[in-house]
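Results of the structural survey
Spelled out, the chains give:
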Amino acid sequence: MIIGVDFDDVLVNSSETFAAFWNAVHGTSFKKEHFTHHEFHRNWGATPEDVAKMWMRFSKAESHKFTPAAAGAKSMVARLAQFHKLHVVTNRPLETDKETYQLIDVHFPGIFSDIHFCTKNGGTTRAQLKSDVCRKIGSGIMLEDHPHGAQQCAADGIHIYLFDQPWNQGAFPLLPGTIVRVSSWQDKILETLLP
Ligand SMILES: [Mg+2]
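Residues numbered from 1 in each chain as written. Predicted model: local features only at pLDDT ≥ 70, side-chain atom pairs only at ≥ 80, totals over all residues.

The chain carries the name Nucleotidase in an unreviewed UniProt entry. In its Sequence similarities (unreviewed entry) section, UniProt records this for the chain: "Belongs to the 5'(3')-deoxyribonucleotidase family." (UniProt positions renumbered as here; feature names shortened; annotations may be inferred.)

Take a look at the structure:
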């Protein structure tokens, strides 16, 4: 099979590193558990444009290179890659491709067949929908943490494994058989993707 995998807060713990970067710049004390709104700028009390600008700064900063892999991600994606073709499908801006490839090389060398960036112009413009990427690469499965991305793909018939995060705990329709909640990379439900 071909499986699409989101990058931030699925494969790597970006929100924690980004919060530390934001806090250092703004003198705030945000932690990931504060981010309960799925529209991320609301968590920061900032505009979407401000968050996009800070994300670009963060991507080019030294601290970005130390973004850790999510717990259990390395071993599980290595197991999945033995049987499936894995593609990263991310809303990161195209302009952060170099930094993203570097981070993937650090944590997941040789694992992914391709990386697809879904935004451009520093994240302010959508380049493509995740569901369009899935269709293009022939993937019927997406591992995702964002409720909008999940719902949009699910509406297009893509089976979603939704990774638990503070911002996806709110009420939104978990379509039976289409969106399945996953607690972490150690969740036994992911073993069903193995032969
Ligand atoms: Mg994500």
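Observations concerning the UniProt feature "active site" (unreviewed entry) in the chain
Sequence positions flagged by UniProt for "active site" (unreviewed entry) are, in local numbering, Asp-6 and Asp-8. By secondary structure assignment, the location of Asp-6 is in the loop between β1 (2-5) and α1 (14-26). Under the C-beta neighbour-count criterion, Asp-6 is labelled buried, with 26 such atoms within 10 Å. Other than its neighbours up to four places away in sequence, Asp-6 contacts Val-89, Thr-90, Leu-143, Glu-144, Asp-145 and Gly-149. Inspection of the secondary structure assignment puts Asp-8 in the loop between β1 and α1. The exposure class of Asp-8 is buried, given the 20 C-beta atoms found within 10 Å. Excluding residues within four positions of it along the chain, Asp-8 makes contact with Ser-14, Thr-90 and Arg-92. (Helix = DSSP H or I, 4+ residues; strand = E, 2+ residues; numbered from the N terminus. Buried ≥ 20, exposed ≤ 12 C-beta atoms within 10 Å, placed from the backbone. Contact = placed C-beta atoms within 7 Å.)

A short note on the nonpolar core
Judged by nonpolar contacts, the single largest core of 34 residues is most densely connected at Val-5, Leu-11 and Ile-160. If you look at the next biggest cluster of nonpolar residues, it comprises 7 residues, including Ala-19, Phe-21, Trp-44 and Trp-55. (Core = buried A, V, L, I, M, F, W, Y, C linked by C-beta atoms within 7 Å.)

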